[in-house]
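# Structure at a glance
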Amino acid sequence: MRPPTHILVVNGVKVRQPVFVISAPHSGADLLGRALKRSPGFHVTMGRAPVARVVYAFARRPSIARSRGAHRVLRDVLAEAWQVVPGACAECGAACKEAGGIVGAGPCVTARSLTRFGDAGPDLLYSTPVLLQAFPDARLIQIIRDGRDVVADMLADPACLAWFKPHMLGHDAEFPSPFLGVRSAEHRDRWNAMPAAGKCALRWRSAVRLSATLRRELPAEQLLTLRYEDMVASPGRAIRAVSDFLGAEISAIALYSAKTGGWRKRLSAADTELVEKVAREELRRLGYR
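Residues numbered from 1 in each chain as written. Predicted model: local features only at pLDDT ≥ 70, side-chain atom pairs only at ≥ 80, totals over all residues. Heavy atoms only, no water.

## Concerning the packing of helix α2 (residues 49–60) against helix α4 (residues 70–81)
At a minimum axis distance of 9 Å, the contact between α2 and α4 shows a crossing angle of 160 degrees. Here α4 runs roughly antiparallel to α2, going by the angle between their axes. In this structure, the crossing between α2 and α4 has a hand that is left-handed. Judged by residue contacts, Pro50, Val51, Val54, Val55 and Phe58 of α2 engage Ala70, Val73, Leu74, Val77, Leu78 and Ala81 from α4. For the contact of α2 with α4, a count of residues per class yields 11 nonpolar, no polar and no charged. (Axes fitted to C-alpha atoms, helices over the stretch in contact; angles between N-to-C directions. Helix = DSSP H or I, 4+ residues; strand = E, 2+ residues; numbered from the N terminus. Parallel < 35°, antiparallel > 145°, perpendicular 65-115°, else oblique. Left-handed = near helix turned anticlockwise from the far one by under 90°. Contact = heavy atoms within 4.5 Å. Nonpolar A, V, L, I, M, F, W, Y, C, P; charged D, E, K, R; others polar.)

As structure tokens, this is what we get:
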């Protein structure tokens, strides 16, 4: 049962239908986050450190996310991230600052221009039930990308690889672990011995399974699913879909620099074989041949 609607006011503006972009790592949440961030009236954060700490805590320990006050914690930390004050961007990540054209501490927007809020930070996908408790009228946009391209990008990202150290599935770990894609403690040793490409594939596989569940459970007016490859091939069409979904004009500029299919040159034959073995069912279901 969802809690009563909470009226949240940030910068003198009632937060209505906040937008959250969710996806597996390196699946395009940052691209769409940039597009939203550059659109009139939107204040979209990406990877703010306090928000990331809460999101990662929920992702790694689902029991925390299920606790009674979890939605208030997430709502409060997002409300703080959306405040437009001097130095507001100091805790933003490089991608967020670049998207907002920030040099220094910001802020990247002016309070008087704001009408909508949102976040496109890493791994919000694992906090979706909490987001919907905190913001029952939220609008979610999830992005699906070829798992082989995702793995290729993850292998080149030290921040992603840092999650694959043995202590991440230590004896205090919770199972199942949607964040790492490991179902039970019995698989801990197998996971530790798996090459990084396989661990990346498990994360992607788990993420797209969560995305499939959301498509089954949420109504079309609350969830929009985009395919990364379609966004790249037809940016204008993708942005029109987003604009119609949100009832706002969204900028398409950020989508024109993206590319697809790089995994063919970037993944070794062994890594490709492993990824396609681990995620065969999901790759086939999503049409990635």
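Here the narrative resumes, following the displayed structure.
## Considerations on the sheet that holds strand β3 (residues 19–23)
The strand order across the open sheet built from 5 strands is β4-β5-β3-β6-β7, with neighbouring strands paired in parallel fashion. Pairing within the sheet leaves two strands with one partner each, and these edge strands are β4 (42–45) and β7 (223–227). The mean angle between the axes of side-by-side strands here comes to 20 degrees, regardless of whether they run parallel or antiparallel. Of the strand pairs in this sheet, β3 and strand β5 (residues 116–119) are connected by 2 bridges, and their pairing is parallel. (Pairing = 2+ DSSP bridges.)

## Looking at empty space enclosed by the protein
Counted under the stated rule, the structure contains 3 cavities of 30 Å³ or more. Of the volumes computed, that of the largest cavity is approximately 50 Å³. What lines the largest cavity is His43, Thr45, Arg48, Ala81, Gln83, Val84, Ala88, Cys89, Cys92, Pro107, Cys108 and Val109. (1 Å grid on protein atoms, 1.4 Å probe; cavity = no way out; pocket = protein on both sides within 12 Å on 5 of 7 lines; lining within 4 Å. Points joined across faces, edges and corners; volume = space filled by probe spheres on them.)

## Notes on the side chain of Gln142
Locating Gln142 in the fold gives a position in strand β6 (residues 139–144). Polar contacts involving the side chain of Gln142 include one to the main-chain carbonyl oxygen of Ser211, which spans 3.2 Å. Filtering out sequence-adjacent residues up to four positions away, Gln142 remains in contact with Ile22, Ser211, Leu214, Arg215, Leu223, Leu224, Thr225 and Leu226. (Polar contact = N/O pair within 3.5 Å; in protein donor to acceptor, adjacent residues only side chain to side chain.)

## As for helix α12 (residues 235–246)
Quick reminder: α-helices carry 3.6 residues per turn. Residues three or four places apart thus point the same way. The first and last C-alpha atoms of α12 sit 16 Å apart over 12 residues, in line with the 16 Å expected at 1.5 Å per residue. The first or second residue beyond α12 is Gly247, which carries a positive phi of 65 degrees. (Expected span 1.5 Å × (residues − 1).)

## Structural notes on the layout of surface pockets
In this model, the largest pocket occupies a volume close to 640 Å³. Contributing elements (two or more residues each) for the lining of the largest pocket: α1 (29–37), α2, α5 (94–100) and α8 (158–161). No other element matches α1, which puts 4 residues into the lining of the largest pocket. Its residues assigned to classes, the lining of the largest pocket comprises 16 nonpolar, 7 polar and 7 charged. Considering the residues around the second largest pocket, the lining is formed by 22 residues, among which Leu125, Tyr126, Thr128, Pro129 and Leu210 are closest to the centre. Listed by contribution, the elements that provide at least two residues to the lining of the second largest pocket are α2, α3 (62–65), α6 (128–134) and α10 (196–217). Considering only residue class, the lining of the second largest pocket consists of 16 nonpolar, 3 polar and 3 charged.

Distances and angles like these do not, on their own, reveal function.
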